[in-house]
Amino acid sequence: MTHPDSTPITLFARPDGLRLACRPRAGAGPTILFLPGYMSDMEGSKAVALDQWAARQGRAIVRMDYAGNGSSEGRFADGTLASWRDDVLWVMDSLIEGPVLLVGSSMGGWLALLVALARPGRVVGIVGIAAAPDFTEWGFTDADKALLATEGRIEEPSAYSDDPYVTTLAFWQSGQALRLLEGEIAIDCPVRLLHGQQDKDVPWYVAVKAAARLRSSDVQTLLIKDGDHRLSRDGDIALLIRTVASLLDSH
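Presented here is an overview of the structure given in this document. (Residues numbered from 1 in each chain as written. Predicted model: local features only at pLDDT ≥ 70, side-chain atom pairs only at ≥ 80, totals over all residues. Heavy atoms only, no water.)

On a plain count of helices and strands, the protein chain comes out with eight helices and ten strands. Against the compact-globule benchmark of 18 Å for 251 residues, the protein chain has a radius of gyration of 17 Å, which places it among compact chains. With the principal axes as the frame, the protein chain shows a C-alpha extent of 50 × 40 × 35 Å. For the protein chain, the proportion of its 251 residues judged to be buried stands at 53%. As displayed, the protein chain offers around 11,100 Å² of accessible surface, 50% of which is attributable to carbon and sulfur atoms. Considering the protein chain, the positive charge centre built from 24 side chains and the negative charge centre built from 32 side chains are found 4 Å apart. (Helix = DSSP H or I, 4+ residues; strand = E, 2+ residues; numbered from the N terminus. Rg over C-alpha atoms; globule rule 2.2 N^0.38 Å. Buried < 20%, exposed > 50% of the residue type's maximum accessible area, 1.4 Å probe, protein only. Areas by Shrake-Rupley, 256 points an atom, 1.4 Å probe, with all protein chains shown as cover. Lys, Arg positive; Asp, Glu negative; His and termini not counted. Charge placed at Lys NZ, Arg CZ, Asp CG, Glu CD.)

Right under this line is the structure:
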């Protein structure tokens, strides 16, 4: 549900003409760029809370929907990890000036790492919320992979939506080609990884492994013992805002 104080949606055309939905808010930089999770959008509680905090602080923030998600044009089933990474890069390169602080939830945390690798000169910090790098690898059983190979897609009930949780073979293959946890992640900016230890979707050890793989020496992993995957309780959101604020204050 759209918050009454939200900035208007801007539809922003990619080079192929498909329009991506963004909600840019002007303010002091670095600009916060919020990256939603898989089958999520920019109207989630964490994104909205961060936007309202930025408004009160006079900070610049951009929320966006990847193609086929939320208010953006396109079909969800046509999206891949690589195409959604490129959506983020297009918005960043075309809509945002100066340094960027990436805040990524779940799959958005994987995208944040990929974007920082692609634009090391622009990204001055990353905050991952239950970040899920390589979930095409550790999140799928052999049976899942066999089903993807034969059917081209998997549909499962979603704990967060009435719509089924859909994974296409193309998305899975794209994720496998963009795995990060098997070697050094050549990112040097500050990184903060917030992760609930009761997360049923992304095991908390993924945050610990990602932290170990990051080249940056300024990495902190914050484990919330009773936190779930969404980390959207008031206390979780307050922690997120404090984390974002501390990174912004260092610039």
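What follows deals with helix α1 (residues 45-57). For an α-helix, 3.6 residues make a turn, and residues three or four places apart therefore share a direction. End to end, α1 covers 18 Å across 13 residues, agreeing with the expected 18 Å (1.5 Å per residue, within 8%). Those residues of α1 that sit buried are K46, A47, V48, L50, D51, Q52, W53 and A54. Here the buried face of α1 lies against β2 (19-25), β3 (28-35), β4 (59-64), β5 (100-105), β6 (123-129) and α8 (234-249). Of the residues flanking the end of α1, it is G58, one or two places downstream, whose phi is positive at about 70°. (Expected span 1.5 Å × (residues − 1). Contact = heavy atoms within 4.5 Å.)

This part takes up the sheet that holds strand β10 (residues 219-224). Strand order in the open sheet formed by eight strands is β1-β2-β4-β3-β5-β6-β9-β10, and the pairing between neighbours is mixed. Taken across any chain shown, the strands that pair with only one partner, and hence form the sheet edges, are β1 (10-13) and β10. Taken pair by pair, the neighbouring strands of this sheet meet at an average axis angle of 20°, ignoring direction. Summarising the sheet, β2 and β4 pair through four bridges and their orientation is antiparallel. Across the sheet, residue C22 finds its bridge partner in β4, namely M64. Together, β2, β3, β4, β5 and β6 form the strand contacts of α1, whose direction differs from that of β4 by roughly 155°. (Pairing = 2+ DSSP bridges. Axes fitted to C-alpha atoms, helices over the stretch in contact; angles between N-to-C directions.)

For the rest of this paragraph, the subject is the side chain of S216. Inspection of the secondary structure puts S216 in the loop between α7 (205-213) and β10. From its side chain, S216 meets the backbone oxygen of D188 in a polar contact 3.4 Å long. A distance of 3.0 Å separates a polar atom in the side chain of S216 from the backbone nitrogen of D218. Sequence-distant contacts of S216, defined by excluding residues within four places in its chain, comprise I187, D188, C189 and P190. (Polar contact = N/O pair within 3.5 Å; in protein donor to acceptor, adjacent residues only side chain to side chain.)

Inspection of the secondary structure puts Q176 in helix α6 (residues 169-177). Apart from residues no more than four positions distant in its own chain, Q176 is found in contact with T136 and E137.

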